[in-house]
Amino acid sequence: MDKLTFILICHFGLEKVLKSEIRKLGLEISEVTDGEVKAIGNLSDIPRLNFNLRTAERVMIEMSIFKAVEPDELLENARKVEIEKFVPVDGEFLVTKANQDKNSVLKSSQANQKTVKKAFVDRLKNVYNTNVLTETRGKYPFRVKFNKNICSIRLDTTGDSLHKRGYRIKSGLAPIEETLAAALIKLTEFSKDKVLVDPFCGSGTIPIEAAMIASNIPPSVDRAFVSETWDAISRESWKKARAEALENINQERLSMNEIKIFGFDIDSNMIRIAKENADRADVADIIHFETCAVRDFWNLECLKNIESGIILCNPPYGERLEDKESIVPIYKDLKTSYEKMKNFDMHIITSFEDATKLLGKETKNRKLYNGMIKTYLYSYLVNV
Ligand SMILES: C[S@@+](CC[C@H](N)C(=O)[O-])C[C@H]1O[C@@H](n2cnc3c(N)ncnc32)[C@H](O)[C@@H]1O
């Protein structure tokens, strides 16, 4: 098969972080737009991208891109998409998602979905010379994206979003997505010999992702992918990519005892859950979790001999109006504790608009979306 164009989806604002992850896997970047990075690769890159990318939500193949302003134009162009390269005669092909774009003439996602599905039925009946498509084997989820009358048809290789690593079975009310946590860690320039402290760790996502990064544990090697059963991707590619990803863990694990990652939370139930999650992620031995209020963590015995490091946290946002007042003391306590940790950089992701009034002027900030919530990552840096 010729070269493929992959579309890697990420949180808005984190395209650069994803780009550098993709480059490290040896793929060439061809385009970057809001929340999407395109890269050129081969079939055998599908397992590699899915197993190893920490900050992408999913890995899709761009099957075709064309202009369409009339339903017939969409139908005709979709009929030309060579989906038989992936979908066998009995394959179940779904057009699961079509985005709605008010800047395109063809606005109705439902209608576009239907048109593309019809085009694919026509195509497969024609190329396989049959009247019956049983759609009984495998799953081939296609998506249609319109942007200013340009239609991009994608085939999803991931299935369940990549933030579902599998280790976080339990969480609190507002857990941060694993992919976002990993991206924030990368933005802090954390590495395995630095100390990382999360004083609002909840279910442990930030410390767990940091521990996985520090020990080179691939994020998604233990989960299933929709493309695992496809004939187009050899079993050998999956086996080889899995072995390669796991091989890196063993080498890194040798220097594990240097790692210092800490998670604290006022809620002892959350600390219990965080420990269970860390255990499932196979990093429980390299994270210290402890029940502690943010006001007191600077004074904990476990941090006594530590001189410098990174604080990275996702405190309560007070999203509901009635919660706003109650979170003020939490931000004040964070400020007081941070003042005691002189050589630590601090990074906070929050949507709370009064955060910097309470914490002081940040060194820099970055706008990010945590799901649908507009947030900022405020950074307080020791050496600017
Ligand atoms: C937005 S959640 C953090 C979620 C976490 N990143 C995760 O992925 O599960 C905020 C956490 O702050 C904790 N918290 C609230 N007040 C606190 C305080 N005064 N000191 C320490 N932790 C506090 C809550 O128990 C909650 O787990």
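Colleague: Explain the overall build of the protein residue by residue, including any values.
Modeller: A tally of regular secondary structure across the protein gives 10 helices and 14 strands. In terms of overall dimensions, the protein has a C-alpha envelope of 75 × 45 × 35 Å along the principal axes. Looking at the 384 residues of the protein, the share that counts as buried comes to 42%.

Colleague: So what about the packing of helix 5 (residues 178-187) against helix 6 (residues 205-214)? Which residues, and what values?
Modeller: At a closest axis distance of 9 Å, the pairing of helix 5 and helix 6 adopts a crossing angle of 65°. Helix 6 is crossed by helix 5, and the crossing has right-handed handedness. Contacts between helix 5 and helix 6 involve Glu178, Ala181, Ala182 and Ile185 on the former and, on the latter, Thr205, Ile206, Glu209, Ala210 and Ile213. Partitioned by chemical class, the residues of the contact of helix 5 with helix 6 number 6 nonpolar, 1 polar and 2 charged.

Colleague: Can you tell me about the packing of helix 3 (residues 71-79) against helix 4 (residues 109-127), naming the residues and giving the values?
Modeller: Following both chains from N to C, one finds helix 3 and helix 4 inclined at 40°, their axes separated by 8 Å at the closest point. As judged from the angle between their axes, helix 3 and helix 4 are oblique. The two elements helix 3 and helix 4 cross, and the hand of that crossing is right-handed. Across the interface between the two elements, Pro71, Leu74, Leu75, Ala78 and Arg79 of helix 3 pack against Asn112, Thr115, Val116, Lys118, Ala119, Phe120, Asp122 and Arg123 of helix 4. Tallied by class, the residues present in the contact of helix 3 with helix 4 amount to 7 nonpolar, 2 polar and 4 charged.

Colleague: Explain the domain arrangement of the protein to me, using residue names and the numbers behind them.
Modeller: Split into domains, the protein comes out as domain 1 (4-156) and domain 2 (178-217 + 230-380). Taken over C-alpha atoms, the centre of domain 1 sits 33 Å from the centre of domain 2. Tallying the contact residues gives 20 residues for domain 1 and 19 residues for domain 2. Per-element accounting of the side of domain 1 that touches domain 2 gives the leading share, 5 residues, to helix 2 (residues 45-52).

Colleague: Report on the nonpolar core, specifying residues and quantitative values.
Modeller: Leu8, Val116, Ile185, Ala210, Ala211 and Val283 are the most contacted members of the largest nonpolar core, which has 100 residues in total. Looking at this core element by element, the count peaks at 7 residues for helix 6. Viewed by domain, this core spans two of them, domain 1 (4-156) and domain 2 (178-217 + 230-380), each represented by three or more residues.

Colleague: Outline helix 6, supporting the account with residue identities and numerical values.
Modeller: For helix 6, a buried count of 10 out of 10 residues is recorded, marking the element as mostly surrounded by other parts of the structure. Where helix 6 is concerned, the buried positions are Thr205, Ile206, Pro207, Ile208, Glu209, Ala210, Ala211, Met212, Ile213 and Ala214. Where helix 6 is buried, its residues meet helix 5, strand 8 (195-198), strand 9 (260-265), helix 8 (268-280), strand 10 (287-291) and strand 11 (308-313).

What counts, and where the lines are drawn
Residues numbered from 1 in each chain as written. Predicted model: local features only at pLDDT ≥ 70, side-chain atom pairs only at ≥ 80, totals over all residues. Helix = DSSP H or I, 4+ residues; strand = E, 2+ residues; numbered from the N terminus. Buried ≥ 20, exposed ≤ 12 C-beta atoms within 10 Å, placed from the backbone. Axes fitted to C-alpha atoms, helices over the stretch in contact; angles between N-to-C directions. Left-handed = near helix turned anticlockwise from the far one by under 90°. Contact = placed C-beta atoms within 7 Å. Nonpolar A, V, L, I, M, F, W, Y, C, P; charged D, E, K, R; others polar. Parallel < 35°, antiparallel > 145°, perpendicular 65-115°, else oblique. Domains from an automatic or database assignment. Core = buried A, V, L, I, M, F, W, Y, C linked by C-beta atoms within 7 Å.

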